[in-house]
Each structure stands twice: as structure tokens, then as C-alpha cells.
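Structural description and commentary
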Amino acid sequence: MSQHILIVEDEVDLANLIEITLINAGFEVSKANDGKTGLSLALSGNFDLMMLDIMLPEVDGLEICRQVRLNDPSTPIMMLTARDTETDRIMGLNMGADDYLTKPFSIRELEARVRALFRRSQLSVDSKPPSQDLVFGELCIEPERHKVSFQNSPIDLTSTEFDLIHFLASNPGQVFSRSQLLDSVWGYNHLGYEHTVNSHINRLRAKLEACDTLPKVVHTIWGVGYKFEYL
């Protein structure tokens, strides 16, 4: 069965171009040209990946992303936006999006990024982890269950946030640059998209630090990158 992608984009010509590209690449596609219809489709839970424009009539893409993430932490979400400011990009990622593309973008890059998201999603479901659960004090990372818990209480993470902490915790003490994390966790390394890493690190930290007695485990090495260390 082909993977089913939802496109929510109000630029009809662009939506049609994306649709044709993805169908030619072997995907099944549904689309909506306004936010209200897009939200209804997105909440149906019948998609393997969602592509959401930020600026939409009636309901914007950020709100669609927020509502989807209330009950669905794992379906990959890519934001499409004509906005080119750091604040706008971060807003989408902070709502739980896994990735974003700034218009104008090449169709080749779009297809490559979609395939990268699917590869990560499929690895999370199908692959057998090479190691057992990672345990640091009362913090437990369980690859087979895709679960993180502290003092036996689950920490609600998106699929990308889990992949990020699992990768860092699998290499404790090792410092990774944003470029290395893009390549290892997201499956691509494109100049200009390092803010993807920053936003997910900040969101991950916020969720971990909500556990009052959990020591800081994701550390910034200024000018270099990030590392996992349970102190």
C-alpha cells in the first residue's frame, strides 16, 4: 500500500504541482485549499505524512499542527511557508512540526525531504534497535516502545524529539554539531536549516525540565553543538 500524504496549501497551482510530483514519486495524495477543510482531514488520522502551509484561510497551518499534535505525536508534519524569518520557522517547529520548507523551494528538495521523513518514521516502527533500553538513574529510554520515562512516569515526546534524545543518549558525552544532528536524526544536511535542530532541542529540554527532579541531560557546548550527559 502506498503512503498517503495530505497537502494543505491555498496556492492552487503550487498544491497541484506538489500533488503531481508526489503521485509520480509513488505516493497517494489528498489535498485541501483552505484551513477548515485541511483541519477536518488532518484530524481524521488517515495520513502517513502532512504538509501544511502556514498562511491559510479560516484556520492557519500552525493551528492545524497544534490540534493534530494533541492526540498524535508521531505522524510526520512538514510546514510550508513563504515567511522567511526565524520567528516564523521556530513557531511551526515549536507546535510540533518535524520539518519545514521555505518557499520558493525546488521540487527535488521537496521530494528528498519527504523521503527522509518517511525513512525516519519507518525506522521507528520497523527497525530492531541495536541496543537495549538506555537507563540513566531514573531516566529510561526504551527504543522498542519508543518511550521515555522518568521515575516510571512517561514523558510525552513527538517522534522527532524521541529520535533526538535517543541518538544523543546512545552517545553520552559526545558533542554533535547541528549539521551532524541534521544528518543523523533528520536524514539530510541542508545549509540554512540548522534552526530545525535548535527548536527541537529547546522543545525537548522544556519537556524534560518539566520533571522537577530530573537533572539537566541535554547540554549546549557553545560554538560547537550539543551533548547528552546525566550528571
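Residues numbered from 1 in each chain as written. Predicted model: local features only at pLDDT ≥ 70, side-chain atom pairs only at ≥ 80, totals over all residues. Heavy atoms only, no water.

**A look at the packing of helix α6 (residues 159-169) against helix α7 (residues 178-186)**
To keep it simple, the criterion reads: To get an axis, a line is fitted to the C-alpha atoms, and for a helix only the part in contact is used. The angle between two axes follows their N-to-C directions and goes from 0 to 180 degrees. Note on conventions: DSSP H or I runs of at least 4 residues are helices, E runs of at least 2 residues are strands, and numbering of each starts at the N terminus. Orientation categories follow fixed angle ranges, with anything under 35 degrees roughly parallel, anything over 145 roughly antiparallel, 65 to 115 roughly perpendicular, and all other angles oblique. Two helices crossing with the near one rotated counterclockwise from the far one by less than a right angle form a left-handed crossing, whereas a clockwise rotation gives a right-handed crossing. By the convention used here, residues are in contact when the closest approach between their heavy atoms is within 4.5 Å.
Across the interface, α6 lies against α7 with an axial gap of 10 Å and an inter-helix angle of 115°. Taken together, α6 and α7 sit at an angle that is classed as roughly perpendicular. In this structure, α6 meets α7 at a crossing whose hand is right-handed. From α6, T160, D163, L164, F167 and L168 reach across to α7, where they touch L181, S184, V185 and W186.

**Comments concerning the pairing of strand β7 (residues 139-142)**
The test is simple: Note on classification: 1.4 Å probe, protein chains only; a residue is buried when its accessible area is under 20% of the maximum for its type, exposed when over 50%, partly exposed between these limits. Between any two strands, pairing holds if DSSP finds at least two bridges.
Side chains L139 and I141 of β7 all project onto a buried face; the interleaved residues C140 and E142 project onto the opposite face, where all are buried too. Two strands pair when backbone bridges link them, and strand β6 (residues 134-136) and β7 are joined in this way by three bridges, in the antiparallel orientation. Its bridge partner lying in β7, V135 is registered against C140. What sits between the antiparallel neighbours β6 and β7 is a turn of two residues, in which G137 has the positive phi angle 60°. As judged from the four bridges shared by β7 and strand β8 (residues 147-150), these two strands associate in the antiparallel manner. Paired with E142 across the bridge in β8 is K147.

**A closer look at the pairing of strand β2 (residues 28-32)**
Here is the rule: Looking down the strands as they point away from the viewer, one classifies a crossover as right-handed if the path from the first strand across the helix to the second runs clockwise.
Both strand β1 (residues 4-8) and β2 contribute to a ladder of five bridges, which runs parallel. Each bridged residue has a counterpart across the sheet, and for V8 the counterpart in β2 is A32. Read from β1 through helix α1 (residues 12-24) to β2, the crossover connection turns out right-handed.

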